[in-house]
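A look at the structure
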Amino acid sequence: MADTFSLQRVLEAFRSSMSENKEVYIKYYIAGWQELVSFMNSLGNVFSFISKDVVNKIQILENFLSGESGSYYVTIQSMVKYELENELVDLTKRGSHPESGCRTLLRLHRALRWLELFLERLRTSTEDGKTSVMCSDAYNESLAQHHPWLIRKAVGVAFCALPGRDTFFDVMNAGDHTQVVALLGESLPLIAEVYQITEDLYAKNHLLELP
Ligand code: 1PW
């Protein structure tokens, strides 16, 4: 069933991404995003420009992970330490390291906040809730602040094409509505924790505004 999206696998990936001492494994973090990409692709062409960018970011991180410095890219913590110590990050404007692991992961990290807000809205929504509204509210509250006007417009158009709440629950492939809601309730704190650990790490190292 690996080709069918399942919400369970997304949540399991993010769950596995946290080590005992609260470091975040990049391998599982991107596995979670890979699942989300297959979900976006199942929503139709209008999402392909969104998923293309995410696929591109996942690929950059995978290349680091499988490259000769791969051992430094096992966790987000080790990546940040390695790239900063070796001056591999463009800190104020794009220069010789336009695609550092730190700036690439920051983009996914910001998008993870959007995901968290959206899933929380979905979890607490009522039957007449509109997924497009939940999506765009979550987006405006998070990721939109980091996107230029043109992208915000395009993302807005994509959200309008989202299927309704019932279809959404079905596509998530996690049982009936009550089961999906329970799964979300169980897993959202984990996503929130992964987000917060990354946020604190980036804040501590002054990396939250990487160009
Ligand atoms: C219902 C499922 C929808 C999931 C959407 C979650 C991901 C949202 C990502 C939006 C990407 C929009 C197009 C690309 C924008 C890039 O410019 C931007 N990338 C991200 C991930 O925000 C910033 O990357 P950049 O241009 O600085 O390399």
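Residues numbered from 1 in each chain as written. Predicted model: local features only at pLDDT ≥ 70, side-chain atom pairs only at ≥ 80, totals over all residues. Heavy atoms only, no water.

The chain has the name Ceramide-1-phosphate transfer protein in an unreviewed UniProt entry, where Cyprinus carpio is given as its organism. Looking at the Sequence similarities (unreviewed entry) heading of the UniProt record, one finds this comment for the chain: "Belongs to the GLTP family." (UniProt positions renumbered as here; feature names shortened; annotations may be inferred.)

Once that is clear, we can look at the site of the ligand. The immediate surroundings of the ligand are formed by 13 residues, with Asp53, Lys57, Arg103, Arg107 and His147 found nearest. One of the side-chain N or O atoms of Asp53 is found 2.7 Å from a nitrogen atom in the ligand. Between the ligand and the protein, one listed contact pairs an oxygen atom with a side-chain N or O atom of Lys57 at 2.8 Å. Relative to its unbound accessible surface of 690 Å², the ligand loses 86% to contact with the protein. Judged by the fraction of its atoms near the pocket grid, the ligand is located in the largest pocket. Those elements that provide at least two residues to the shell around the ligand are helix H3 (48-66) and helix H5 (101-124). At four residues, H3 tops the list of elements feeding residues into the shell around the ligand. (Near = heavy atom within 4 Å. Polar contact = N/O pair within 3.5 Å; in protein donor to acceptor, adjacent residues only side chain to side chain. Areas by Shrake-Rupley, 256 points an atom, 1.4 Å probe, with all protein chains shown as cover. 1 Å grid on protein atoms, 1.4 Å probe; cavity = no way out; pocket = protein on both sides within 12 Å on 5 of 7 lines; lining within 4 Å. Sits in = over half its atoms within 2 Å of the grid points. Helix = DSSP H or I, 4+ residues; strand = E, 2+ residues; numbered from the N terminus.)

What follows deals with a nonpolar patch on the surface. A cluster of nonpolar side chains, namely Phe49, Trp149, Leu150 and Ile151, defines an oily patch on the protein surface of about 430 Å² accessible area. Among the elements that line the nonpolar patch, the one with the most residues is helix H7 (residues 149-160), at three residues. Relative to the helices and strands, Leu150 is located in helix H7. (Patch = residues over 30% accessible without salt bridge, like charges linked within 9 Å, V, L, I, M, F, W, Y side chains within 5 Å. Salt bridge = Lys/Arg side-chain N within 4 Å of Asp/Glu carboxyl O.)

Moving on to helix H2 (residues 26-42). Here H2 contains 17 residues, and its C-alpha end-to-end distance of 24 Å stays within 8% of the 24 Å for a straight helix at 1.5 Å per residue. Looking at H2, one finds that the buried residues are Ile26, Tyr29, Ile30, Gly32, Trp33, Glu35, Leu36, Val37, Phe39 and Met40. The first or second residue beyond H2 is Gly44, which carries a positive phi of 110°. (Expected span 1.5 Å × (residues − 1). Buried < 20%, exposed > 50% of the residue type's maximum accessible area, 1.4 Å probe, protein only.)

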